[in-house]
Amino acid sequence: MAATTTNTDSMLKPHVAFLPSPGMGHIIPLLEFAKRLVQHHGVRATFFLISTDASAAQNDLRHSKSLPAGLNIVEIPEIDTSGIFNDDMKIVTRISANVGASIKLLPAIIKRLPDLPKALVIDLFCTQAFDVCKELSIPIFSFWTASTCLLALSLYLPTLDREVDGEFVDLPGPIRAPGCNPIRPKDLIDQLTNRKIEEYKWYYYHVSRLPLAAGIFVNSWEDMEPVDLRALKENAFFQSIPIPRVIPIGPLIKQDEAVNGNGAEILAWLDDQPPESVLFVAFGSGGSLSTKQLTELAWGLEMSQQRFILVARKPSDATPSASFFRAGGSDDGDDPLLYLPEGFVGRTAGKGLVVPTWAPQAAVLGHPSTGAFLSHCGWNSTLESIVHGVPIIAWPLYAEQKMNAAMLSEEVGVAVRPAPAAGEEVIGRAEIERVVRLAMEGKEAIAMKLRVKELKESALVALNEGGQSYNNISSFAHILLE
Ligand code: UDP
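Residues numbered from 1 in each chain as written. Predicted model: local features only at pLDDT ≥ 70, side-chain atom pairs only at ≥ 80, totals over all residues. Heavy atoms only, no water.

**Remarks on the overall build of the protein chain**
In terms of helices and strands, the protein chain carries 19 helices and 13 strands. Its C-alpha atoms give the protein chain a radius of gyration of 22 Å, near enough to 23 Å, the size a compact globule of 482 residues would have. Summarising its shape, the C-alpha atoms of the protein chain cover approximately 60 × 60 × 50 Å along the three principal directions. Out of the 482 residues in the protein chain, the part that is buried amounts to 58%. (Helix = DSSP H or I, 4+ residues; strand = E, 2+ residues; numbered from the N terminus. Rg over C-alpha atoms; globule rule 2.2 N^0.38 Å. Buried < 20%, exposed > 50% of the residue type's maximum accessible area, 1.4 Å probe, protein only.)

Following this line, the structure appears as structure tokens:
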């Protein structure tokens, strides 16, 4: 009897569904949004996962014990991708092909749920949902998992595409969406650097469909990106184009991280280190360095004589996003001893910890012994660092990470960005030693720490009851109730 009452009670709660595209950087923030709605705003959530056997980190989510009651993960069965993928496909093309095939199964899966969701929240690369879910008449919201700066540029892209001949990267000066911060052509998101290839066409396809959304949530907040958020709200250009309301709800970062054996060892090692003394080095779920660059990084770390944790991946000379579709996975070739400089692990033992492929990043950044983060500047990593008050050494690799690195080092003031010497492709060991020392013990470290702690405080204010992000999430829950 009691169980029936509970079931009926929970069925009275409004039901919302989520669909992220494959990739931990997309799944994690949508899952956090779903958790918040369920835990604090009286909503039930169904979270669709596009199955892919390749990503161990994604598959771990299915067995996560930290999901609240009222949040159900439903898998969209794995499709045969052998006729769809080829080795030359870049990230957005490959994600779009995967989503395009998997999403056809979605309407039937939704219809089999006990009740229809009141809304569907998708990320940027799932815009095929606007077509396949039409017959269900469910409003679809978009969750922009990157910066507001990139959102503004993307909403401006159809205009830019019409007005500019040739490549954007060949423009003489910075690119600037109306009212927004300028972006140097060399820092532009990879997907906009060559307008002739599929990668650009897919990116354009998805962003040009954003106006179909009932609203665009963005994982940011006023104090982090005041200029771009204001431009989207008030600039005459953005008022003149048909875009839905942009709703800041960030920073939503991974909480309650499940820590397995390997992760527990890392945290235990951190327990033994002095406060703010360890540099955490990780390149997101998919980043890999070239062989030469990894060697320089290892030498630079060793020469800096600072404590560190290095999440080491097998180097890739082909592409910096080599591990994107196999995040957290491992194979025989992943043993760091096979590719780090000879003797490195032995010489740095005690001061440094080398971890193959994956670490519980949010927990490491939240640990009091962590003093700085050498990061590829994916948006989730950026937010996790700021929310935990950890300054950044900005080391962008692919996608929009160069834009984030420029923003963090030049506008926000929480990062230092190393550069290769003139004529060199890789960042040399001396430069790495310099920035590591600077971020860990230099005057600049004090200034960056003060600034990042300010932002950490403002992030908490935005997310706590009464804050802007909290209120925006609460308003969405109310819309679902109505
Ligand atoms: N991550 C992690 N452990 C790792 C590497 C990455 O937990 O060893 C998580 C990280 O905490 C973040 C996400 O994976 O939440 C990466 O997202 P981000 O947007 O930073 O970069 P992407 O992987 O999408 O390039």
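Still more to cover.
**What about the packing of helix H17 (residues 429–441) against helix H18 (residues 443–463)?**
Orientation of H17 relative to H18, taken along the N-to-C sense of each, is 55°, at an axis distance of 5 Å. With respect to H18, the element H17 is oriented oblique. With respect to the hand of their crossing, H17 and H18 are arranged in right-handed fashion. Only Lys 443, Glu 444, Ala 445 and Met 448 of H18 make contact with H17, whose side of the interface consists of Leu 438, Ala 439, Met 440 and Glu 441. Split by residue class, the contact of H17 with H18 holds 5 nonpolar, no polar and 3 charged. (Axes fitted to C-alpha atoms, helices over the stretch in contact; angles between N-to-C directions. Parallel < 35°, antiparallel > 145°, perpendicular 65-115°, else oblique. Left-handed = near helix turned anticlockwise from the far one by under 90°. Contact = heavy atoms within 4.5 Å. Nonpolar A, V, L, I, M, F, W, Y, C, P; charged D, E, K, R; others polar.)

**Some words on the sheet that holds strand S1 (residues 15–19)**
Spatially, the 7 strands line up as an open sheet ordered S3-S2-S1-S4-S5-S6-S7, and their pairing is parallel. Two strands in the sheet have a free side with no partner beyond their single neighbour: strand S3 (71–76) and strand S7 (246–248). Taken pair by pair, the neighbouring strands of this sheet meet at an average axis angle of 25°, ignoring direction. The pairing of S1 with strand S2 (residues 44–50) spans 4 bridges and is classified as parallel. (Pairing = 2+ DSSP bridges.)

**Digging into the packing of helix H4 (residues 91–102) against helix H8 (residues 198–208)**
In helix packing, the relevant descriptors are the interaxial angle and the interaxial distance, both defined with respect to the helix axes. Their axes nearest at 8 Å, the elements H4 and H8 cross at an angle of 55°. Taken together, the axes of H4 and H8 lie oblique to each other. Crossing of H4 against H8: the hand is left-handed. Note on element contacts: H8 touches H4 through Glu 198, Glu 199, Trp 202, Tyr 203 and His 206, opposite Ile 91, Val 92, Thr 93 and Ser 96. The class makeup of the residues in the contact of H4 with H8 is 4 nonpolar, 3 polar and 2 charged.

**Observations regarding the site of the ligand**
Ser 285, Ala 359, Asn 380, Ser 381 and Glu 384 are the nearest of the 18 residues found near the ligand. In this structure, an oxygen atom belonging to the ligand sits 3.3 Å away from a side-chain N or O atom of Gln 361. At 3.2 Å from an oxygen atom of the ligand is found a side-chain nitrogen or oxygen belonging to Tyr 398. Against a free-state accessible area of 540 Å², the protein chains account for coverage of 96% of the ligand. (Near = heavy atom within 4 Å. Polar contact = N/O pair within 3.5 Å; in protein donor to acceptor, adjacent residues only side chain to side chain. Areas by Shrake-Rupley, 256 points an atom, 1.4 Å probe, with all protein chains shown as cover.)

Honestly, it's all geometry; don't read function into it.
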